[in-house]
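As a plain string of letters, each chain reads:
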Amino acid sequence: MHKIDMELVEMTLDVMKYTIDRISSTNNAIGKPKKESELKALVGETITESGIGGEVAFNLWKKHLMKANVPVDHPRNLAFVPASPTRAAVMFDLVTSASSIHGAYWMEGAGGIFCENEAMKWIVSLTGLPEGAFGVFTSAGTAANLSGIVTAREHWRSLDASHKSQKGLIITSIGAHSSVKAMAKVADIDVLLVDTEDRLEAAVLQQTINNLDEETRKRLFAVVGTGGTTNAGIIDDLDCIANICKSENLWFHVDAAYGGGALAADSVRHLFNGIEKADSITIDPHKWMFSPYDCGAIIYRNPELAKQVHSQQGSYLDIFSDEGAHGFNPTDYQIQLTRRVRGLPLWFSLAMHGTAKYKEAIERGLELAQIAGKLIEERPYVELVRDPSLSCVLYRRIGWSPDDYRDWTFKNHDSGFALVTPTKWKKGKTFETVSRFCFINPDTTENDIAMILDTMA
Ligand SMILES: *Cc1c(COP(=O)(O)O)cnc(C)c1O
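All of these numbers come straight from a predicted model, not from anything done at the bench.

Residues and numbers for the environment of Ile281, please.
With respect to the element layout, Ile281 can be found in strand β6 (residues 280-283). Judged by relative accessible area, Ile281 falls into the buried class, the value being 0%. C-alpha separation for the pair Ile281 and Gly260, spaced 21 residues apart in sequence, amounts to 8.9 Å. Excluding residues that lie within four positions of it along the chain, Ile281 makes contacts with Thr127, Leu129, His253, Val254, Ala256, Ile275, Ala297, Ile298 and Ile299.

Pulling in residues and values, what's your account of the sheet that holds strand β11 (residues 430-438)?
Spatially, the four strands line up as an open sheet ordered β8-β9-β11-β10, and their pairing is antiparallel. Each edge of the open sheet is held by one strand with a lone partner, namely β8 (382-384) and β10 (422-427). Ignoring strand direction, the axes of neighbouring strands in this sheet form an average angle of 50°. One ladder, built from six bridges, connects β10 with β11; its direction is antiparallel. Residue pairing across strands places Thr423 opposite Val434, the latter belonging to β11. Sheet contacts for helix α15 (residues 402-414): β9 (392-397), β10 and β11; angle to β11, the most-contacted strand, approximately 25°.

An account of the sheet that holds strand β4 (residues 220-226) is requested, with residue identities and associated values reported.
Within the open sheet, the seven strands sit side by side as β1-β7-β6-β5-β4-β2-β3. Their pairing is mixed. This sheet does not close on itself; its edge strands, each paired only once, are β1 (134-138) and β3 (190-194). Put simply, the sheet's adjacent strands are angled 20° from each other on average, direction ignored. As paired strands, strand β2 (residues 169-173) and β3 are joined by five bridges and run parallel to one another. Paired with Thr172 across the two strands is Leu193, which belongs to β3. Here helix α5 (residues 106-127) sits on the sheet in contact with β1, β6 and β7 (296-300), set at roughly 120° to β1. Along the sheet, helix α7 (residues 178-186) contacts β2, β3, β4 and β5 (251-256); its crossing angle with β3, the most-contacted strand, is approximately 155°.

Any details on the UniProt feature "modified residue: N6-(pyridoxal phosphate)lysine" (unreviewed entry) in the protein? Residues and values, ideally.
Here, UniProt's "modified residue: N6-(pyridoxal phosphate)lysine" (unreviewed entry) annotation points to Lys287. Those residues in contact with Lys287 that sit more than four places away from it in its chain are Val81, Pro82, Ala83, Ala257, Tyr258 and Ile440.

Tell me about the site of the ligand, and please be specific about residues and values.
Around the ligand, a shell composed of 13 residues is seen, among which Thr142, Thr230, Asp255, Asp284 and Lys287 lie nearest. Between the ligand and the protein, one listed contact pairs a nitrogen atom with a side-chain N or O atom of Asp255 at 2.6 Å. A class-by-class count of the residues in the shell around the ligand yields three nonpolar, seven polar and three charged.

Tell me about the packing of aromatic side chains, and please be specific about residues and values.
In total, this model carries 14 aromatic pairs according to the counting rule given. Where Trp122 meets Tyr358, the ring centres are 5.9 Å apart and the plane angle is 70°; that geometry is what we call edge-to-face. Taken as a pair, Trp122 in helix α5 and Tyr358 in helix α14 (residues 355-378) lie far apart in primary sequence, 236 residues in all. A single burial state applies to Trp122 and to Tyr358, both of which are buried. Look at Trp400 and Tyr405: their rings are 5.4 Å apart centre to centre, the planes differ by 85°, and that puts the pair in the edge-to-face class.

Cut-offs used in this document
Residues numbered from 1 in each chain as written. Predicted model: local features only at pLDDT ≥ 70, side-chain atom pairs only at ≥ 80, totals over all residues. Heavy atoms only, no water. Helix = DSSP H or I, 4+ residues; strand = E, 2+ residues; numbered from the N terminus. Buried < 20%, exposed > 50% of the residue type's maximum accessible area, 1.4 Å probe, protein only. Contact = heavy atoms within 4.5 Å. Pairing = 2+ DSSP bridges. Axes fitted to C-alpha atoms, helices over the stretch in contact; angles between N-to-C directions. UniProt positions renumbered as here; feature names shortened; annotations may be inferred. Near = heavy atom within 4 Å. Polar contact = N/O pair within 3.5 Å; in protein donor to acceptor, adjacent residues only side chain to side chain. Nonpolar A, V, L, I, M, F, W, Y, C, P; charged D, E, K, R; others polar. Phe/Tyr/Trp six-rings, centres within 6.5 Å; stacked < 30°, edge-to-face > 60°.

Quick look at the structure:
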């Protein structure tokens, strides 16, 4: 289909040069969004009957459109959960695209799926789940949570015919990620929220279950614990929650989309004790495992249960779906059919660097949070809201109103210096606006943090 002509050769070289420049530079400008009408005025019509040509289109990208994005890997982008894909993973993302692999079935994607599974074995080994546990890469944590929750619900329905007519119920805490609530909506499941943003403990969970009336208790089928809350890096009491789930006969899902990378860090691994008792676990390699977007993962203690739920039937699929004859089919364990082999960039980077480098880079994120804590304590005008947890740091600028935090964020963003966004922290019954760092990029320096804090003086 691709006729090799000069324009294509030049486009290829331009793209390679841009890619190499982009991933070699450690200080890419922090771009800013523009209104759609402003972008349109800058670039004009780009989709035309005869095409505007690769050079023109690429120049519009470089000159205008690329600058309207905030690079997630900037060392002073500490907002939300930033990212920092390795160069090796980014380069292999190009290889993944160029190889045109359909990643749903082993029959078509054996080589790519083999690599994904090698990377997955390492991730599963970090969880401590027993022999037989396995997972697949998903588009992201949201899809992983949905795949896990639906597996849990269908398993519950299979246990008792009366469950089929009931609306399922799960328990989690208000510290859980918004995607848990959003995905419960997709799956038409009710969510009961334990009112704590802090560590979800056994006693309050048990009390919550005990307080349910008989009818509601019958609808309860799962508890979602968080292995590193997105807002504050808090890890629920996974071990005790697992024990309650066992005695109450409930599915235990651990959402470690952000925190899962820290399973590789010896210094904090003990905080996750009990995760090995989970029925399913979400981990996002595109957060703290340095994969390019998008790459999530869902892991099951018993993958067979997921297969019974997610494997798609269709006469056009029969040829692929015989695992006995072919091999592992990723489509059977999550909600997508056609899929990119999105674990492939992670495999290459892991193979190239080795797992010890990953440990080191993750430990650095944890260390940066401790350094930030120390720098905050040294400055009289700021104070910690709570001790740093994983790589999240919540702190307040003494005397500031929510508007002050917002203005400060926009000022630093507008000048291209940093992106640090405020969040809210629940104290008793009220929410306080505070400032938040989340560290992922191991190239962030102590000086970066100090400079950011100095702009608050
Ligand atoms: C980020 C996050 C998610 C959602 O993952 P996406 O990859 O953004 O879809 C879910 N849970 C937690 C705890 C997260 O931090």
